[in-house]
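This is what each chain is made of:
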Amino acid sequence: MSFLELYAESAKTALGFFWKSGWAFVLGYFVSGMIQAFVPKNELTQYMGEADIKSVSLSTFFGAISSSCSFAALAAARSLVKKGAHFIAAVAFMFASTNLVIELGILILIFLGWQFLAAEIVGGLILIAISSALIKLTYPESWLEAARDKVESEGDELTEDFDWKKRIRSKEGWQLVGHKFVNDWKMAWEDILIGFTIAGFVAVLVPESFWTALFLADAQHLPDWLVTLENALVAPFVAAATFIGSMGNIPLATVLNENGVLFAGIMGFIYSDLMVPPLVHINAKYYGWRVALYIAGVMFVSIVITALILNGLFSLLGIVPESQRAIAEITQFKIDYTFWMNLIFVWIAAWLAWQNRKYLQDHDMKMMKMEGGGWLKRTIVYLFILVLTAGLTAYLFTSII
């Protein structure tokens, strides 16, 4: 294939990822918006001040019904700490809000299959349990108390107190759902665009031999347990190198799956969304570099152990995914269920956007400024939009000739 053909195919693959998952994003964020609008969470925070099972369980539940955006997860965790939540509870919240939310589960089911979805849910709970135990064993009290002092005068309060039955029957309640939906999209779209674009180009341009060498896929002279351990150890660093948040890394995980990366490596990659440099930097702004690097270290150890436990558990049950899903099949544009679901959900998205507009008008306010990756990330986003547009043009051109 010529350079132009490779470029066109890469852009087409990236856009195919968007096409395949468009309806799932709308559905997931719609459900997330309803949960955020109609489930009172203020009462939960008063029970998160201890490092016990009840506190961690509530934080896990709270996280699972929150947005999947990594930046939003960090900001909400800071607010929990500000309101008196224990750091163990805050870390549990961060993991749950990026690994146990419905929109991520739908995406994993579409791209990777039910075994990975089951692993994501089971592993998410194991991950939270391990990280909680690690923090409890290594708790640097002076560091974390200093970090708590740092956020005392920062961040928004979680002050929700309402009758959900009355709100769900009101026009204002559904306008709030639209507002939450648009806010979630505003926080996540950059990560999604960067992640899907990178995945499309990596799927076409990076040879299988690269992944084979990196993850020891053909190392027949090495014992299986050592290759599995290597995959689990290397995957978080690969995830960190992508700079992609939670929702954006699933297509790239699909690329790894197609190229023979082991189950433990793929799960380690998926769980590592909170370890990317921009998010570590955000935590450093909130708590200071010592605590940010401590949290990242706890996450890394927890992720590796969880990936190995999942590999052993699924091997014992005989459900380790072995069939590799071809990227070319996933990213096809055709009249199938994806077409009809996208058609339905584009109207739902338009209705929710209209509800958000009414909400802003009724409350005489502008869209809030979200924490993000800064000017560099925004520049990359606009560059990728240009790259995809030019790539689509090249694909249409090469198809015609």
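Residues numbered from 1 in each chain as written. Predicted model: local features only at pLDDT ≥ 70, side-chain atom pairs only at ≥ 80, totals over all residues. Heavy atoms only, no water.

A. Molecular detail of the overall build of the protein. Tallying secondary structure elements over the protein gives 18 helices and zero strands in all. Out of the 401 residues in the protein, the part that is buried amounts to 53%. Of the contacts formed within the protein by residues at least 6 apart in sequence, a portion of 86% connects residues at least 24 apart. Summing over all exposed atoms, the protein offers an accessible surface of approximately 18,000 Å²; the carbon and sulfur share of this is 66%. (Helix = DSSP H or I, 4+ residues; strand = E, 2+ residues; numbered from the N terminus. Buried < 20%, exposed > 50% of the residue type's maximum accessible area, 1.4 Å probe, protein only. Contact = heavy atoms within 4.5 Å. Areas by Shrake-Rupley, 256 points an atom, 1.4 Å probe, with all protein chains shown as cover.)

B. The side chain of Ser131, seen in detail. Mapped onto the secondary structure, Ser131 falls in helix H6 (residues 114–138). In contact with Ser131, other than residues within four places in its own chain, are Val91, Phe95, Val298 and Ser302.

C. Up close: a nonpolar patch on the surface. A cluster of nonpolar residues, Ile335, Trp340, Leu343, Val346 and Trp347, forms a patch on the protein surface that exposes about 600 Å² of accessible area. Within the element layout of this structure, Ile335 appears in the loop between helix H16 (327–330) and helix H17 (337–362). (Patch = residues over 30% accessible without salt bridge, like charges linked within 9 Å, V, L, I, M, F, W, Y side chains within 5 Å. Salt bridge = Lys/Arg side-chain N within 4 Å of Asp/Glu carboxyl O.)

D. Representation of the packing of aromatic side chains within the structure. Enumeration over the complete set of coordinates arrives at 17 aromatic pairs. Between Tyr7 and Phe201, the ring centres sit 6.0 Å apart and the planes meet at 40 degrees, which makes this aromatic pair tilted. Of this pair, Tyr7 sits in helix H1 (residues 3–38) while Phe201 sits in helix H9 (residues 171–205); the two residues are 194 residues apart in sequence, bridging distant segments of the chain. For the pair shown, Tyr7 and Phe201 are each scored as buried. Ring geometry for Phe181 versus Trp185: centroids 6.3 Å apart, planes at 70 degrees, classification edge-to-face. Here Phe181 and its partner Trp185 are both found in helix H9, four residues apart, which amounts to about one turn of the helix. Through pairs of rings, three or more aromatic residues link up here, namely Phe30, Phe38, Trp174 and Trp351. (Phe/Tyr/Trp six-rings, centres within 6.5 Å; stacked < 30°, edge-to-face > 60°.)

E. Broad picture of the environment of Val56. As for its position among the elements, Val56 is in helix H2 (residues 53–64). If sequence neighbours within four positions are ignored, Val56 has contacts with Ile88, Ala92, Ile128 and Ser132.

F. Inspection of the packing of helix H4 (residues 87–99) against H6 at higher detail. Taken N-terminus to C-terminus, the directions of H4 and H6 make an angle of 160 degrees; their axes are 9 Å apart at the nearest point. Considered as vectors, H4 and H6 are oriented roughly antiparallel to each other. H6 is crossed by H4, and the crossing has right-handed handedness. Contacts between H4 and H6 involve Ile88, Val91, Ala92, Phe95, Ala96 and Asn99 from the former and Glu120, Leu127, Ile128, Ser131, Ser132, Ile135 and Lys136 from the latter. Classifying every residue of the contact of H4 with H6 by side-chain character gives eight nonpolar, three polar and two charged. (Axes fitted to C-alpha atoms, helices over the stretch in contact; angles between N-to-C directions. Parallel < 35°, antiparallel > 145°, perpendicular 65-115°, else oblique. Left-handed = near helix turned anticlockwise from the far one by under 90°. Nonpolar A, V, L, I, M, F, W, Y, C, P; charged D, E, K, R; others polar.)

G. Highlighting the side chain of Asn99. As for its placement among the helices and strands, Asn99 is situated in helix H4. For Asn99, a relative accessible area of 2% puts it in the buried group. In this structure Asn99 touches Leu104, Glu120, Leu127, Ile270, Tyr271 and Asp273, once residues within four positions along its chain are discounted.

H. Quick peek at the packing of H1 against helix H5 (residues 102–111). Their axes nearest at 8 Å, the elements H1 and H5 cross at an angle of 155 degrees. With respect to H5, the axis of H1 lies roughly antiparallel. The two elements H1 and H5 meet at a crossing, and its hand is right-handed. Only Ile102, Glu103, Ile106, Leu107, Ile110 and Phe111 of H5 make contact with H1, whose side of the interface consists of Phe17, Lys20, Ser21, Trp23, Ala24, Phe25, Leu27, Gly28, Tyr29, Val31 and Ser32.

I. The arrangement of the environment of Ile194 in detail. Note on placement: Ile194 falls in helix H9. Residues Ile194 and Phe384, 190 residues apart in the sequence, show an inter-C-alpha distance of 7.1 Å.

J. Just the confidence of the model for the protein, in detail. With 87% of its residues at a pLDDT of 70 or more, the protein shows a mean pLDDT of 81. When pLDDT is averaged over each element of the protein, helix H15 (residues 289–317) comes out on top at 92 and H16 at the bottom at 60. (pLDDT = per-residue confidence, 0-100.)

K. Region of the structure containing the environment of Gly312. Looking at the element boundaries, Gly312 is found in helix H15. Exposure remark for Gly312: the relative accessible area of 39% places this residue in the partly exposed category. With 87 residues separating them in the primary sequence, Gly312 and Trp225 have C-alpha atoms 10.0 Å apart.

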